[in-house]
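# Close look at the chain arrangement
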Amino acid sequence: MKKIIAVVLVLVMTLSCFAICGAEEVSYNPDLPGVVAGLLTYMNFGSSGEDTFVSEVEGVNHFSRGFDDLNSAILAVQSGKIIVISDLPQAVAGYITNRVDGLGWSTEGYFGGSVDMCMAVLKENEELYNKLNGAIVELRNDGTLDQMKEQYVDAYLNNNEEPVPVELPRFEGAETIRIAVCGDLPPIDFIAADGTPAGFNVALLSAIAEKLQVNFELVQINMGARLLALVQGNVDVVFANRKISYDRIESDYFASIDSHDELMLTESYFTSPLCNLFLQY
């Protein structure tokens, strides 16, 4: 069970020798012949812990390694196994550095760009896809998504409060949809220390449930298990990254980063600049 806040508290103690960082961006532009970066495992990546791809930007080789959960990636930075966690939404990087001594974030270095977050379902589940996609579009068009971002993301970036769980509505006799939550992108995808899912994604599910008059059952898994959970029928929906757009490289590989032959990806419900998370000495 994910308990991100408990892990953060441990990291605060183990990193006490470093300077305290806030949620503000800091300068970061390493001059290294080869950079090992960590990435939360995408659904079209290889196995966790492997060097999944190598790319070159301005003469620097970048070796990217997948991690199945955020805690493992943070510990890898802290222990020096990797020097940076790349491709984190800015809100996530700010949330973490505001709570863990010694970590900083920056949009400088590496690739830059932005990420669009969405939901993913199996292609055979087209009816569910159409329902979810329609609800997301409605919530975006009527301004609900913008209001939710302010309430469930922005409000937690400059203080040490934790997201409050949002109660999901229940409808007697309604369809039940199982959806995976990971807790690896706080405060967007967040699981509290007591194991209760909270944050923006749960608030989004509550709004969608009201629109569709369905029941959502939350199933906790890690990032690396999302595709397998869908294919094996353990869940009906997972949260995903529809598109990553890099500023400094051109690559079709990253167009639909969580794309897979079996999946359909909904319209985006959250867009964020990409950031790097690292030790600030």
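Residues numbered from 1 in each chain as written. Predicted model: local features only at pLDDT ≥ 70, side-chain atom pairs only at ≥ 80, totals over all residues. Heavy atoms only, no water.

## Side note on the packing of helix α4 (residues 126-141) against helix α6 (residues 199-212)
- Running from N to C, α4 and α6 cross one another at 110°; their axes reach a closest spacing of 10 Å. Regarding the angle of α4 to α6, the classification is roughly perpendicular. In this structure, α4 contributes Lys 131, Leu 132, Ala 135, Ile 136, Glu 138 and Leu 139 to the contact, and α6 contributes Leu 204, Ala 207, Ile 208, Lys 211 and Leu 212.
- Looking at the contact of α4 with α6, its residues break down into 8 nonpolar, no polar and 3 charged. (Axes fitted to C-alpha atoms, helices over the stretch in contact; angles between N-to-C directions. Helix = DSSP H or I, 4+ residues; strand = E, 2+ residues; numbered from the N terminus. Parallel < 35°, antiparallel > 145°, perpendicular 65-115°, else oblique. Contact = heavy atoms within 4.5 Å. Nonpolar A, V, L, I, M, F, W, Y, C, P; charged D, E, K, R; others polar.)

## Quick notes on the pattern of salt bridges
- With the rule as written, the count across this model stands at 7 salt bridges.
- We note a salt bridge from Lys 131 to Glu 175, for which the minimum N-O separation is 3.5 Å. Here Glu 175 lies in the loop between α5 (144-152) and β7 (176-181) and Lys 131 lies in helix α4, a separation of 44 residues in the sequence.
- One salt-bridge network, in which partners are shared between bridges, spans Glu 127, Lys 131 and Glu 175. (Salt bridge = Lys/Arg side-chain N within 4 Å of Asp/Glu carboxyl O.)

## Focus on the environment of Gly 66
- Secondary-structure assignment places Gly 66 in strand β3 (residues 60-67).
- Gly 66 gets classed as buried once you look at its relative accessible area, which sits at 1%.
- Placed 19 residues apart in sequence, Gly 66 and Ile 85 show a C-alpha to C-alpha distance of 9.8 Å. (Buried < 20%, exposed > 50% of the residue type's maximum accessible area, 1.4 Å probe, protein only.)

As far as function goes, none of this settles anything; it's purely spatial.
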